[in-house]
Amino acid sequence: MDSSVYVFAEDLRGEGVERVLDRIRGYGVAGVTVGAVHHATRDVTPHGLSRLTVRHDGAHFTPAPGLFGGLRLSPVPGYPEVFDGLREACAKRSLKLHAWTVFLYNATLGARHPDVTVRDCFGDRGSLTDLCPAHPDARDYAVALARAVARLGVDSVVAESLHFRPLRRHRSFVPLGPMDAYLFGLCFCEHCMRRAVNLGVDAEVAREECARIVGGVLDGDPPAQGEVTRAALTAYAGPDVVAYARARSESVTTLVSEVASAVAAEGSKLVFVDSTGAVKGYADGLPAPGLAAHDAWQLGVDLVALGDLVPAFGVLAYARDAARVADDVGAYLRSVGKDREVRAVLRPGHPDSDSADRLVAKARGAKAAGAAALDFYAYGLVPYPVLERIPAALSEAG
């Protein structure tokens, strides 16, 4: 069974390439998924050079000349030496090399070019981390970035944030319900609205309805109750809003198709990672009942359509329960097609796995549901004793 461990650029720089790869090879995995392009964050890193690691938006390689010539957006420089000699070091250990690439989540680019970020129903651009998948400049950047990463000679480009993102707020003393937050997070930039209109949607009515509903909650109306479903959203916000939400998938599907083609043209393959599993279970490993594959539409992800365009998918199986992991993997396969490669991404420790036995059970469930690979997230974020659970999980999964 194929497998890998997610590794940050800072892990390789801090502990050294040889040491990290030797340790990972000792776990019995088949490869490493290394952060080629990442977003800014601040992480507790138990065995890093710093126990609290500050990461910046950055591409951790030097793009081939000319790929971004004439484009408004170009990669934010990170640590350019990270991939130097990495492919050869992996090959020496018979490890595959995958490049983990964050595409449209970039606060630095958003701050420099706010017009390429999402615009809410009130006309505000308050999510400068989120580049809009419908914006032509963001799309050109994503395709060029895909080519640049694929040219590193990697076995695959693992695409994160190649779709819309949900509303994120650091503080809110207004009790927004899930549907209110969803409506508040929809993008109504000119490009999203134009694409929706071209599909026969009354985009202005949809925007006005979202502004009316969310504005009412901000003014003191009671928040919506219950989870986001198409039926509930129709009853709450009306058919025009639901049609607008559906139209977002056209932007994502066409962009992913262009990115997948660009990666294939460079001799690699795309692994599309839908973040719905993280949206649902990242904080505590206790996702809401709706399966990730069934809720992916909320981020503009049409898995059925993508199944015809993308060779492989990463399922963020962030759940404590082995049965839930199996259900999520099975639902993805039913959506994208049984001939697609589905890779289950598991967290070997907190908050999903409190023991080796629990991780083993989830690995077994993922395989039984049809997963072709197990990937483990992430090397630098968990203690060494937790990483040492990986061999047992791979052994049980076969």
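Here's a quick rundown of the structure. (Residues numbered from 1 in each chain as written. Predicted model: local features only at pLDDT ≥ 70, side-chain atom pairs only at ≥ 80, totals over all residues. Heavy atoms only, no water.)

Secondary structure summary: the protein chain contains 17 helices and 11 strands in total. Taken against the 2.2 N^0.38 rule, which gives 21 Å for 398 residues, the C-alpha radius of gyration of the protein chain at 21 Å falls within 12% of a compact globule. Seen through its C-alpha atoms, the protein chain measures out along the principal axes to roughly 60 × 50 × 40 Å. Out of the 398 residues in the protein chain, the part that is buried amounts to 58%. Look at the contacts in the protein chain between residues 6 or more apart in sequence, and 76% of them connect residues 24 or more apart. With 43 positive and 48 negative side-chain charges, the protein chain shows a spacing of 4 Å between the two charge centroids. (Helix = DSSP H or I, 4+ residues; strand = E, 2+ residues; numbered from the N terminus. Rg over C-alpha atoms; globule rule 2.2 N^0.38 Å. Buried < 20%, exposed > 50% of the residue type's maximum accessible area, 1.4 Å probe, protein only. Contact = heavy atoms within 4.5 Å. Lys, Arg positive; Asp, Glu negative; His and termini not counted. Charge placed at Lys NZ, Arg CZ, Asp CG, Glu CD.)

Now for the packing of helix 6 (residues 178-185) against helix 8 (residues 203-218). Here helix 6 crosses helix 8 at 130°, and the two axes come no closer than 9 Å. Considered as vectors, helix 6 and helix 8 are oriented oblique to each other. Classified by chirality, the crossing of helix 8 by helix 6 is left-handed. Here helix 6 contributes Asp180, Leu183 and Phe184 to the contact with helix 8, which in turn contributes Cys210, Ile213, Val214 and Val217. (Axes fitted to C-alpha atoms, helices over the stretch in contact; angles between N-to-C directions. Parallel < 35°, antiparallel > 145°, perpendicular 65-115°, else oblique. Left-handed = near helix turned anticlockwise from the far one by under 90°.)

Looking now at helix 14 (residues 322-336). Here helix 14 spans 21 Å end to end across 15 residues, near enough to the 21 Å set by a 1.5 Å rise per residue. Here helix 14 lies mainly inside the structure; 11 of its 15 residues are buried. Listed as buried for helix 14 are Arg324, Val325, Ala326, Asp328, Val329, Gly330, Ala331, Tyr332, Leu333, Ser335 and Val336. A positive phi of about 110° marks Gly337, the residue just after helix 14. (Expected span 1.5 Å × (residues − 1).)

Structurally, Thr101 is set in strand 6 (residues 96-102). Separated by 66 residues in sequence, Thr101 and Gly35 have C-alpha atoms that sit 6.3 Å apart. From its side chain, Thr101 meets the backbone oxygen of Ala99 in a polar contact 3.3 Å long. (Polar contact = N/O pair within 3.5 Å; in protein donor to acceptor, adjacent residues only side chain to side chain.)

Next up on the list: the packing of aromatic side chains. Describing an aromatic ring pair means giving the distance of the ring centres and the angle of the ring planes. Per the counting criterion, the structure on display carries 12 aromatic pairs. Note on Tyr6 and Tyr377: the rings are 5.8 Å apart at their centroids and 80° apart in plane angle, and the pair reads as edge-to-face. In this pair, Tyr6 is assigned in strand 1 (residues 2-7) and Tyr377 in the loop between strand 11 (373-376) and helix 16 (384-387), connecting sequence segments 371 residues apart. According to the relative accessible area criterion, Tyr377 is buried, its value standing at 13%. (Phe/Tyr/Trp six-rings, centres within 6.5 Å; stacked < 30°, edge-to-face > 60°.)

Turning to the packing of helix 8 against helix 10 (residues 239-265), a few remarks are in order. Contact pair helix 8 / helix 10: the axes reach a minimum separation of 8 Å and the direction vectors enclose 110°. When the axes of helix 8 and helix 10 are compared, the pair comes out roughly perpendicular. Once helix 8 is placed against helix 10, the crossing between them reads as left-handed. Contacts from Ala203, Val205, Ala206, Glu209 and Cys210 in helix 8 reach Asp240, Val241 and Tyr244 in helix 10. Of the residues in the contact of helix 8 with helix 10, the class split is 6 nonpolar, no polar and 2 charged. (Nonpolar A, V, L, I, M, F, W, Y, C, P; charged D, E, K, R; others polar.)

Another aspect to go through is the nonpolar core. Among the nonpolar cores identified, the biggest contains 131 residues, and Phe83, Phe103, Leu183 and Val259 are the most heavily contacted of them. At 12 residues, helix 10 tops the list of elements feeding residues into this core. In this structure Val259 touches Phe103, Ala142, Val143, Ala146, Leu162 and Leu270, once residues within four positions along its chain are discounted. Within the second largest apolar cluster, 15 residues are counted, among which are Tyr6, Tyr105, Leu316 and Tyr318. (Core = buried A, V, L, I, M, F, W, Y, C linked by side-chain atoms within 4.5 Å.)

If you walk through the whole model with that rule in mind, you get 28 salt bridges. Measuring nitrogen to oxygen at the nearest pair gives 2.8 Å for the salt bridge that ties Arg72 to Asp137. Taken as a pair, Arg72 in the loop between strand 5 (58-59) and helix 3 (86-92) and Asp137 in helix 5 (residues 136-150) lie far apart in primary sequence, 65 residues in all. For Arg207, the salt bridge is made with Glu204, and the minimal N-O distance between the two is 2.7 Å. Taken together, the residues Arg207 and Glu204, both in helix 8 and 3 residues apart, mark about one turn of the helix. Overall, the relative accessible area of 22% leaves Arg207 in the partly exposed class. One salt-bridge network, held together by shared partners, links Asp2, Lys96, Lys269, Glu341, Arg343 and Asp375. (Salt bridge = Lys/Arg side-chain N within 4 Å of Asp/Glu carboxyl O.)

Here the residue pair His350 and Pro351 is connected by a cis peptide bond, since its omega of 0° sits within 30 degrees of zero. Its location among the elements puts Pro351 in the loop between strand 10 (341-346) and helix 15 (356-368). In this structure, Ala378 follows Tyr377 across a cis peptide bond, with omega equal to -5°. With respect to the helices and strands, Ala378 occurs in the loop between strand 11 and helix 16. Here Ser161, not a glycine, exhibits a phi torsion of approximately 55°, which is positive. Within the secondary structure, Ser161 sits in the loop between strand 7 (156-160) and helix 6. Taking the relative accessible area as the measure of exposure, Ser161 reaches 1% and is therefore buried.

These figures capture arrangement, not role.
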